[in-house]
Structure formats: C-alpha cells, structure tokens
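# Analysis of the macromolecular model
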Amino acid sequence: MKPVRFDYKRPTTIDEACGLLAGDDNARILAGGQSLIPMLSMRLSRPSLLIDIAHIPELTAFVETETHIEIGAMVRQAVAQKSELVKTHIPLLAKALGYVGHPPTRARGTVGGSVAHADPSAEIALVAATLGAEITYRVDGTNEIFDASDFFIGPMLTIAPPNGCLTGLSFAKAPAVCGTGFHEVAPRKSDYALASAAAQINFVTGSGVTSIHLGVGSVGDFPERLDVDQLCGTPLDDAAIADAVHSAMQMVETVEDLHATAAYRKRVATELAIRALRDARDEISKDLIQ
C-alpha cells in the first residue's frame, strides 16, 4: 500500500518544530522513521503533516554533567551503542542496544524515536523505565520533564503532551562499581521480544549496594519497573533473588496474543528477570557485596 497524502516540513530549530506541531493537530514527528514509515505504508497512521526533525543540530548531541548523561532525541541508536559515554556511564543501555533491531535499523533508528513510539517490546523504553530516566519535551517554548517509570501507559501510549516535541533523555550516571544484566526471548534474533528483562545493581564503597533497578518488558501493555528494594543489604544469593522476583512479578499483568500466552510471558519474564539480576550481581565482586 501507499501512504495517504501528507505535507512535509523540515524545521531547523526545536521551537520551529513545536510551532508546526501546534498548528496542526494531525501532524506527526518523523525521526528515524523505522516505526513510522511502515505504519504510513500500511495506512495505520494517516498524518496530514510530517515534521522531519533530522536537521535540528541540538537534537543529535550528548551532554555530560556532573551527575547525568543527556542524549539528544535524534541520536542514532548505532551511535549511542558505540558511545564511550554510554558504555561508561549508562552500561545497561549499552548492553540493551545490541538487542535493538538489526544493524541497518539501528543506523537509522533514534533513541528518542523509540521512546516516543512506546512499543511495549522496545528495549530502549525498557531501560529508560527501569533506570527512571528523565524524558524532556518542549512545549510552547518551555521544557516539561517526565519520569520514564511513569511515562508509558499503554501500547504506543504515553503521557506526552500532544503538541510537544521530545528533545532528549537524561540518565543518572552509574557509580564506578555497578553490575548490569539484560535478557530477552524472541522468535529470532532481533525480532520483537516475547519477554525481556533489564537489571542494574549500584554499589558504593563503604555503603554497599545502594540501589537495585529491575524492569520487564514485552509482557504487558508497557515496560514496567519492579520493586525489589528488599534485596538491598542482603548477600544477593540465588534464593533471595528468586524470591524477590517471584513476589514482584505477582503485580505484573501480562497479555496474550497470537505469539504467546499470558502465562508463558509471565513464566519467561520471571526467569529472565532472575537471570538479569544474577548477571548484575556477578559483574560486581562477591567480596564487595558481602
């Protein structure tokens, strides 16, 4: 099929893009296009205006502060995957990016586009929700910031302002000592995941394990962060990890479709979450944890 007719604009500033959005309630932002273009071709999306933000320089930058790494919305996924800033300070994202699509799609797909699209199986969205990243939208010349843990509310649904332009994501820097784990199950490598899990354990010398982040994706209507805070201050043995994950997963509602049953997704997600936490633990010296 072919897309319906639409107008096309290529702004060079964020405020210009926001102005175009405000002037047309049926406008859509075009970033990498890896999700939107197929939807246009199948006429699942029928915008009257496409706003191409690929030529806004400030959206392609990394910004490092004392405590955070800010990633522009138009940073390509392949660029983020190779970034030393990401590898050093957001190791969980670096690990997850290898599961995103295929090399050609990562070369065009963007970090911001994946988050804005809000596919329940998206790896970047899962990491953002797990780590509580801050998502920034520009609306009427001002910035609105959302916690990624609360940002996703359904399949392709978020609490983003309707006339706002996503400008970037901000991740807290991981401590010098931390462990990460990421696992997913898919019919084939790089296909949409049937279940996925991400984990990060933060350790500070003298204080021990200071926080544990765990999330699951592809099992419900949106990526979900799990509460396993009770593991802080424990030896993080296999039994304790399994008990905490099983308890947390009781609160997760899983969905059923033609690819997998809800029961299968819950069972697999539980196992993947356990593995992700074990991997994160094992990346930190056991002597340090104890």
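Described below are features of the structure shown in this document. What you are looking at is a predicted structure, and each value in this text was computed from that prediction instead of being measured. Per-chain numbering applies: the sequence of each chain, read as written, is numbered from 1 onward. Only residues with pLDDT of at least 70 get local features here, since the model is predicted, and only at 80 or more are side-chain atom pairs given and counted; chain-wide, interface and lining totals rely on the full set of residues. Excluded from the side-chain calculation are hydrogens and water; included are all heavy atoms of the structure.

## Comments concerning the pairing of strand 3 (residues 49-52)
For a regular strand, side chains alternate in direction, first toward one face of the sheet and then toward the other. Which entries qualify depends on this criterion: Partly exposed residues are those whose accessible area sits between 20% and 50% of the maximum for their type, while under 20% is buried and over 50% is exposed, using a 1.4 Å probe and protein chains only. The helix count covers DSSP runs of H or I at least four residues long, the strand count covers runs of E at least two residues long, and both are numbered beginning at the N terminus. Strand pairing is defined by DSSP finding a minimum of two bridges between the two strands. Handedness of a crossover is defined as follows: with both strands directed away from the viewer, a clockwise route from the first strand across the helix to the second makes it right-handed.
A two-sided burial pattern is seen for strand 3, the buried positions comprising L49 and I51 on one face and L50 and D52 on the other. Bridging between strand 1 (residues 7-9) and strand 3 involves three bridges; their strand directions are parallel. Bridge assignment links D7 to a residue of strand 3, and that residue is L49. Taken together, the four bridges between strand 2 (residues 27-30) and strand 3 define a ladder with parallel strand orientation. The partner of A27 across the bridge, within strand 3, is L49. For the segment spanning strand 2, helix 2 (residues 36-41) and strand 3, crossover handedness is right-handed.

## Overview of the nonpolar core
The cut-off we apply is this: Grouping buried Ala, Val, Leu, Ile, Met, Phe, Trp, Tyr and Cys residues that are joined through side-chain atoms within 4.5 Å yields what is termed a nonpolar core. The contact rule is simple, with two residues in contact once any of their heavy atoms fall within 4.5 Å.
Ranked by size, the top nonpolar core spans 37 residues in total, and within it I71, L93 and F171 carry the most contacts. Broken down by secondary-structure element, the contributors of at least two residues to this core are strand 5 (68-72), helix 5 (91-97), helix 7 (111-117), helix 8 (123-131), strand 6 (134-139), helix 9 (148-151) and strand 10 (165-172). Among the elements that make up this core, the one with the highest residue count is helix 8 (seven residues). Apart from residues no more than four positions distant in its own chain, F171 is found in contact with T67, H68, I69, I71, I90, L93, V127, A128, L131 and A133. Judged by nonpolar contacts, the second largest core, of 30 residues, contains I212, V228, V268 and A273.

## As for the packing of aromatic side chains
What counts is decided by this rule: Stacked, tilted and edge-to-face are the three classes applied to pairs of Phe, Tyr and Trp rings, where Trp contributes its six-membered ring and a pair requires centres within 6.5 Å; stacked means planes under 30 degrees apart, edge-to-face means over 60, and tilted covers the rest.
One pass over the full model with this rule turns up five aromatic pairs. Pairing Y99 with F182 gives two aromatic rings, centres 5.0 Å apart and planes at 45°, and the pair type is tilted. Here F182 lies in strand 11 (residues 177-185) and Y99 lies in the loop between helix 5 and helix 6 (103-108), a separation of 83 residues in the sequence. Judged by its relative accessible area of 29%, Y99 is partly exposed. Take F182: its relative accessible area is 2%, and that puts it in the buried class. Plain terms: the ring middles of Y137 and F146 are 6.0 Å apart, the flat faces sit at 85° to each other, and that makes the pair edge-to-face. For the pair Y137 and F146, one class covers both residues: buried. Three or more aromatic residues link up through ring pairs in this structure, and these residues are Y137, F146, F151 and F152.

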